[in-house]
Amino acid sequence: MIVAQAALETRMLLRNGEQLLLTVVIPTLLLVLFSSVDIVDTGAGEAVDFLAPGVLALAVMSTAFTGQAIATGFERRYGVLKRLASSPLPRWGLMTAKTASVLVTEVLQVVLLTVIAFALGWSPHGDPGTVLLLLVVGTAAFSGLGLLMAGTLKAEATLAAANLVFLLLLVGGGVIVPLDRFPAGVRGVLELLPVSALSDGLRDVLQHGAGMPWGDLGILAVWAVVGLAAAGRFFRWE
């Protein structure tokens, strides 16, 4: 039942034009545009080496947080979650299926963006296992926050808030604009955001060939624990 529900969730996600815009089109356009045109000073080296890790972090956020929050919020509003909760599929099974759908979508995103980045001249370094761990913990962090928003706010408020957060973190999360371009006081706060931790951690590994970025991983782990615990405590099914 979980596999069938996960397959259904994935098909629905991939057929949704708005979700595809967030999960595929926008990250791809940002990667190609900012790698090809000298708009933002990304420091020494090729622009794509700086941008690719940040866009991968953005892709995770767009799927695990923004897309999942909006889709789940409207499912809750229209009573879909209430009906599914009364089906033979247990509630934990439904959440597992949604998580599996997010992971499948992220795999497709990562493959697509990696191929495009290689075509643009990307030269990644570091341990793939470290990258995978960062992506998984980052997914848990964003998923918890997305479910918390979807399970506590009205659908329209979730739609507006999720898109607003996406835009704000795109600008101030170190995805496209390096965090060292911000004032020191502001930068200290921005570095604690999950998308900043994920993009910085991925950049340390993929651009600079560093080992495990324990500080960034710790920030993501805290967000994951707090977000998932709060979602489990406050999520309303109707």
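Everything that follows concerns the structure shown earlier in this document.
Quick summary incoming for the structure in this document. Just so we're clear, the structure is a prediction, and the values are computed from it rather than from any experiment.

Tracing the sequence through the fold places Gly121 in the loop between helix H5 (91-119) and helix H6 (128-152). The exposure class of Gly121 is partly exposed, given its relative accessible area of 37%. Remark: the alpha-carbon pair of Gly121 and Pro213, spanning 92 residues in sequence, is separated by 25 Å.

Close contact between helix H3 (residues 47-77) and helix H9 (residues 194-206) brings their axes to 8 Å; oriented N to C, the two are set at 140°. In this structure, H3 meets H9 at a crossing whose hand is right-handed. In this structure, H3 contributes Phe50, Pro53, Gly54, Leu56, Ala57, Val60 and Met61 to the contact, and H9 contributes Val195, Leu198, Ser199, Leu202, Arg203 and Leu206. Grouping the amino acids of the contact of H3 with H9 by side-chain chemistry returns 10 nonpolar, 2 polar and 1 charged.

This part takes up the packing of H3 against H5. Following both chains from N to C, one finds H3 and H5 inclined at 150°, their axes separated by 10 Å at the closest point. When the interaxial angle is binned, H3 and H5 end up roughly antiparallel. In the packing of H3 onto H5, the handedness of the crossing is right-handed. Residues Val48, Ala52, Val55, Leu56, Ala59, Val60, Ser62, Thr63, Ala64, Gln68, Thr72 and Glu75 of H3 touch H5, and the partners they reach there are Lys98, Val102, Thr105, Glu106, Gln109, Val110, Leu113 and Ala117. A per-class count over the contact of H3 with H5 returns 11 nonpolar, 6 polar and 3 charged.

Reading the values: rules and limits
Residues numbered from 1 in each chain as written. Predicted model: local features only at pLDDT ≥ 70, side-chain atom pairs only at ≥ 80, totals over all residues. Heavy atoms only, no water. Helix = DSSP H or I, 4+ residues; strand = E, 2+ residues; numbered from the N terminus. Buried < 20%, exposed > 50% of the residue type's maximum accessible area, 1.4 Å probe, protein only. Axes fitted to C-alpha atoms, helices over the stretch in contact; angles between N-to-C directions. Left-handed = near helix turned anticlockwise from the far one by under 90°. Contact = heavy atoms within 4.5 Å. Nonpolar A, V, L, I, M, F, W, Y, C, P; charged D, E, K, R; others polar. Parallel < 35°, antiparallel > 145°, perpendicular 65-115°, else oblique.

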